[in-house]
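# Report on the structure
Each chain, letter by letter, is given below.
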Amino acid sequence: MEAFFAWINGIIWSNALIALCLGAGLWFSFRTRFMQVRGFAEMCRLTVTGQKSDAGVSSFQALAISMAGRMGIGNIAGVATAIAYGGPGAVFWMWVMGFLGASTSYIECTLAQIYKEKDAEGRYRGGPAYYIEKAMGLKWYAVAFAVATVVATGLLLPGVQANAIADSATNVLCGAGACEAVGGAGALKLWIGLGVAAVLALIIFGGIKRIATFAEVVVPFMALAFILMAVIVMIANAGKVPAMFADIFSSAFGAHAAFGAIIGQAVAWGVKRGIYANEAGQGTGPHAAAAAEVSHPAKQGYVQAFAIYFDTMLVCTSTAFLLLSTGMYNTFKAVTENGQQALVAIVEGVPGVQPSEGAQFTQAAVESVLPGWGAGFVALALFFFAFTTIMAYYYMAETNLTYLAGVKKTHPLATLLLRLGIIGMVVFGAYHNAAMAWTLGDIGVGLMAWLNVIAILILQKPALLALRDYERQKKLGLDPVFDPEALGIRNADFWKARG
């Protein structure tokens, strides 16, 4: 079964998807005239302004929800995995994906705002399924995305996050003798999975408002604490920082003696884990963006573009610097021996740890500077990163379930089954092996990315019109207000009714 899923993953994550994601980011950067550079100050301003309402959340709360989805294990374990397969050069390609991905995020999140609507309970809903149907007129395509998203965020992706929580916590607790007390590491992981599932149930049964309230408090705190830890570790290893940057840039272009042979892997894994971490183009961010209360769709586009910067340039980079400055990372290359593929270590800073066990590299890095409690700090940070991501996944799955229900209120049984499904997958993922969890997660991310990136390449025009309209009104000294009919944008029913 694992070999079958690995085969499916290889098809989805072919070089074509990597080229599509990089190409789309570059195209949108040119089409928006690099709004991620020109509009950086506006991104920062809009992030902390705006009001919430009974129907929607504030811009900052929408950012917090989307950041809760973006800032999962991809920021800790995923970065370590990218370095394990692609070497230090993968970090550079993550930066490239983050820079280009900011414009991609603007396009998809602005589209989500333009074509959002109110559900049967009066709450804002939106996302790729909504803008695919309204702007493209292809109901079957929209349904395909909605089904893929319910499966991916409701079943495939939560297990990856839960597995990382269980793996990092077990690494700490077993050292304290907890494994023997409960009957082994496997039993401890099961208990951890059940505990996470119980806390998750308390949150998701409270709905979007409770998720937003929890996320806006936890997300900034956990991100800043982790970044501060990375700074402390880098100061302690200040002498190694110049060599670290040299390794990143030389291996990114195949100039490094040790990592030159895996330059293709550096690009592939940098892009792959970059998308996994910041979710630009994946189609997850637009769900939270649509829930924001704003006067103009471009406002939330700017805010969500900033989210990519924060996620990739600060949080992911912090993890990369932790690993590379301390030397606590492994890098492998694939070789064929007797007809079988095997991994051979190029660098082995943490002997015995496999690429799929990425959190353990970060724990080892912090532990090398702060022995005795570094691994525990990373386990706690990873719990908050991963747990808030699982909450965001539930919201995305619920939004697409609402879309599939149409004008009717989602059947309570369908919502209950979704909640039980995501809770069950948390327990399953915590207990199952890491390689399988990552494979299922990659399939989910890749499937959504294929469907969404193609859609936004076709549908980019309304988002670009909204950007120009926003900039025009700002030059006139106005607080921009959106009028889709004046811009020739059709089927933006919510904004038309708002007048």
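Structure's up top.
Residues numbered from 1 in each chain as written. Predicted model: local features only at pLDDT ≥ 70, side-chain atom pairs only at ≥ 80, totals over all residues. Heavy atoms only, no water.

## Quick look at the overall build of the protein
Looking only at helices and strands, the protein has 22 helices and 4 strands in total. Classification of the 499 residues of the protein by burial places 60% in the buried group. Across the protein, contacts joining residues at least 24 apart in sequence account for 81% of those joining residues at least 6 apart. (Helix = DSSP H or I, 4+ residues; strand = E, 2+ residues; numbered from the N terminus. Buried < 20%, exposed > 50% of the residue type's maximum accessible area, 1.4 Å probe, protein only. Contact = heavy atoms within 4.5 Å.)

## Here we look at the nonpolar core
Of all hydrophobic cores here, the largest spans 150 residues; its most connected members are Tyr106 and Leu200. Looking at which element gives the most residues to this core, the answer is helix H18 (residues 374-405), with 16 residues. In this view, Leu200 contacts Phe387, Ile390, Met391, Ile422, Ile423 and Val426; residues no more than four positions away in its chain are not counted. (Core = buried A, V, L, I, M, F, W, Y, C linked by side-chain atoms within 4.5 Å.)

## Observations concerning helix H11 (residues 185-204)
With 20 residues, H11 extends 28 Å from end C-alpha to end C-alpha; this agrees with the ideal 28 Å at 1.5 Å per step. Those residues of H11 that fall on the buried side of the exposure criterion are Leu188, Lys189, Ile192, Gly193, Val196, Ala197, Leu200, Ala201, Ile203 and Ile204. (Expected span 1.5 Å × (residues − 1).)

## A closer look at the packing of aromatic side chains
Given two aromatic rings, one states the distance between the centres and the angle between the planes to describe the pair. Taken as a whole, this structure holds 24 aromatic pairs when the rule is applied. Seen in terms of ring centroids, Tyr302 and Tyr470 are 5.4 Å apart; in terms of plane orientation they differ by 45°. Their pairing is tilted. With a gap of 168 residues between them, Tyr302 in helix H16 (residues 297-326) and Tyr470 in helix H21 (residues 460-475) connect regions that are remote in the sequence. For Tyr302, a relative accessible area of 4% corresponds to the buried category. Looking at Tyr470, the relative accessible area reads 1%, which means it is buried. Put simply, the rings of Phe92, Trp93, Trp95, Phe245, Phe249, Phe253 and Phe321 pair up and form one aromatic cluster. (Phe/Tyr/Trp six-rings, centres within 6.5 Å; stacked < 30°, edge-to-face > 60°.)

## Topic: the packing of helix H7 (residues 89-114) against helix H13 (residues 241-252)
Helix-helix packing is described using two parameters, namely the angle between the two axes and the distance between the axes. As a packed pair, H7 and H13 sit with axes 6 Å apart at the nearest point and diverge in direction by 80°. As judged from the angle between their axes, H7 and H13 are roughly perpendicular. Contacts between H7 and H13 involve Gly89, Val91, Phe92, Trp93 and Trp95 from the first element and Phe245, Ile248, Phe249, Ser251 and Ala252 from the second. Partitioning the contact of H7 with H13 into residue classes produces 8 nonpolar, 2 polar and no charged. (Axes fitted to C-alpha atoms, helices over the stretch in contact; angles between N-to-C directions. Parallel < 35°, antiparallel > 145°, perpendicular 65-115°, else oblique. Nonpolar A, V, L, I, M, F, W, Y, C, P; charged D, E, K, R; others polar.)

## Structural notes on unusual backbone geometry
Phi angles above zero are rare outside glycine, and Arg33 is one such case at about 55°. Note on placement: Arg33 falls in the loop between helix H2 (15-31) and helix H3 (35-38). The backbone of Asn491 shows a phi angle near 70°, a positive value even though the residue is not glycine. The class of Asn491 is partly exposed, set by a relative accessible area of 41%.

## Some words on the pattern of salt bridges
All told, the structure shown has 12 salt bridges when counted by the stated rule. A salt bridge links Glu398 to Arg125; the shortest N-O distance between them is 3.1 Å. One end of the pair, Glu398, is in helix H18; the other, Arg125, is in strand S2 (residues 124-125), and 273 residues separate them in sequence. The exposure class of Glu398 is buried, given its relative accessible area of 8%. As a salt-bridge pair, Arg472 and Asp469 come within 2.9 Å of each other at their nearest N and O atoms. Of this pair, Arg472 and Asp469 are both found in helix H21, 3 residues apart, which corresponds to roughly one turn of the helix. The class for Arg472 is partly exposed, based on a relative accessible area of 44%. Residue Asp469 is classed as buried on the basis of its relative accessible area, which comes to 7%. Among the ionic contacts, a cluster of salt bridges with common partners joins Arg33, Arg38 and Glu471. (Salt bridge = Lys/Arg side-chain N within 4 Å of Asp/Glu carboxyl O.)

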